[in-house]
Structure formats: C-alpha cells, structure tokens
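For reference, the chains in residue letters:
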Amino acid sequence: MKKSARCPHCGAEIGKYRNPFPTADVVIHDPDRGIVLVRRGHEPLGMALPGGFVEEGESVEQAAVREMREETGLDVELAGILGVYSAPGRDPRFHTMTVTFVGKVADPDALCAGDDAADASFYPLDALPEPLCFDHARAVEHFRQYLAGQRPLLPCCEPVPSPA
C-alpha cells in the first residue's frame, strides 16, 4: 500500500510503500520427540515456532533453512508448505506474512538455541506450552491436520541445496 506525505522543506509529495514484512517459519517434527519450539529472546517474548525474516536476495525456502540453522542449530530439509499466514494483527510489532513449512532433520540431537532464540527444545504435540506467540497455535493445529491426513502440504517452489 502506498502512503503519501509532504516534504517539510520543499512541499513535494513523497511516496512510501508500507507492505507486510515477509517471514518464514518451520514446523520441525520428530515422531519420537514432537515439534521444535523456541523461547524468544526478544519482544514479543514467549514460545514460538522457529523462524524469522526473509532477507533481500533470498527465497522464502532459503530463509527457512537459514533461520533454522541460526535459531536451532539444525539443518532442515523442507518437506513442503503447510500454509501462508498473513492476518494484519498476527505480529503485535507490525504487519508480517509468513510462509510456514514442514521440515525434517537428520540429526535431532544437534538441537541448540542460537541467534534470537533463548532456548530451543522438542515438545510432544499433546503437551505444548501455552500460549504460543503470533498465530503459531493455528499453524500447529494445521500441522496436526496434516499428520491426520486431513490437510495436504504444498510443494516448495525453490530448490534448496542440501546442507553441506
């Protein structure tokens, strides 16, 4: 959305685009351990799926893989897209839209908190801490539907090289 303002010095109209910030989240699932949640180290504080902002020059798939390494220490293989979440109030700081993926990891024991995460742990799906930040409870419910065969995953659009 384009907003306009006037320059206080010359009076010229200045246009500024105010669009949602793109992010990528991943539901990392291990059948024996549950899903990975992080305790956020920055506002808004609380428990959340790991994820973060897409950087300039990155696809959402690349951002998802990078953010998982940064926040959880895990090299994730994306299985598909769970959903896109974009409600204007989903993030109390500003309008964001996220692509949420489902991911698998070869070495779940490598899990460790990093970057913006104060802690990272696996939680059984039937014993998740509440509440989850943002609209992540909705994404987790959609993930449960996927596990039950009631919701498909969409294919990823961009190939992401396997972690070296």
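In this report, we go over the structure that sits alongside the text.

Calculation notes
Residues numbered from 1 in each chain as written. Predicted model: local features only at pLDDT ≥ 70, side-chain atom pairs only at ≥ 80, totals over all residues. Heavy atoms only, no water. Helix = DSSP H or I, 4+ residues; strand = E, 2+ residues; numbered from the N terminus. Expected span 1.5 Å × (residues − 1). Buried < 20%, exposed > 50% of the residue type's maximum accessible area, 1.4 Å probe, protein only. Arc of directions from axis to C-beta. Contact = heavy atoms within 4.5 Å. Phe/Tyr/Trp six-rings, centres within 6.5 Å; stacked < 30°, edge-to-face > 60°. Pairing = 2+ DSSP bridges.

**Quick word on helix α2 (residues 136–147)**
Here α2 spans 16 Å end to end across twelve residues, near enough to the 16 Å set by a 1.5 Å rise per residue. When α2 is considered as a whole, its buried residues turn out to be His 136, Ala 139, Val 140, His 142 and Phe 143. Buried residues of α2 fall within an arc of 160° about the axis and therefore sit on the same side. Just downstream of α2 lies Gly 149, where phi reads positive at about 80°.

**Let's talk about the environment of Val 38**
Looking at the secondary structure, you find Val 38 in strand β4 (residues 34–40). If sequence neighbours within four positions are ignored, Val 38 has contacts with Gly 46, Met 47, Ala 48, Leu 49, Pro 50, Glu 71, Thr 72, Ala 117, Asp 119 and Ala 120.

**Overview of the packing of aromatic side chains**
In this structure the tally under the stated criterion is four aromatic pairs. Between the aromatic rings of Phe 21 and Phe 53, the centroid separation amounts to 6.4 Å while the plane-to-plane angle is 80°, which identifies the pairing as edge-to-face. A residue pair is termed long-range when its members are at least 10 positions apart, and Phe 21 in strand β3 (residues 21–30) and Phe 53 in strand β6 (residues 51–53) qualify at 32 residues. The class of Phe 53 is partly exposed, set by a relative accessible area of 31%. Three or more aromatic residues joined by ring pairs form one cluster here, namely Phe 21, Phe 53 and Phe 94.

**Notes on the pairing of β3**
Of all ten residues making up β3, seven are buried, and the element is well covered by its neighbours. Here β3 runs beside strand β8 (residues 96–105); their pairing, made up of eight bridges, is parallel. Looking across to β8, one finds that Thr 23 is bridged to Thr 98. Taken together, the three bridges between β3 and β6 define a ladder with antiparallel strand orientation. In the sheet register, Asp 25 faces β6, and the bridge partner there is Gly 51. Taken together, the two bridges between β3 and β4 define a ladder with antiparallel strand orientation. Bridge assignment links His 29 to a residue of β4, and that residue is Ile 35. In textbook terms, the turn of a hairpin is the stretch between consecutive antiparallel strands, and for β3 and β4 this stretch comprises three residues.

**Focus: the pairing of β8**
Most of β8 sits out of view: eight of its ten residues are buried. Here eight bridges tie strand β7 (residues 76–85) to β8, and the two strands are oriented antiparallel to one another. Among the inter-strand pairings, Gly 80 is bridged to a residue of β8, identified as Val 102.

**Concerning helix α1 (residues 60–72)**
Helix length check: α1 (13 residues) gives 17 Å between terminal C-alpha atoms against 18 Å at 1.5 Å per residue, within 8%. Taken together, the buried positions of α1 are occupied by Glu 61, Ala 63, Ala 64, Val 65, Arg 66, Glu 67, Met 68, Glu 71 and Thr 72. Of the surrounding elements, those touching the buried residues of α1 are β3, β4, β6, β7, β8 and β9 (117–123). Following α1 by one or two positions, Gly 73 adopts a phi angle in the positive range, close to 75°.

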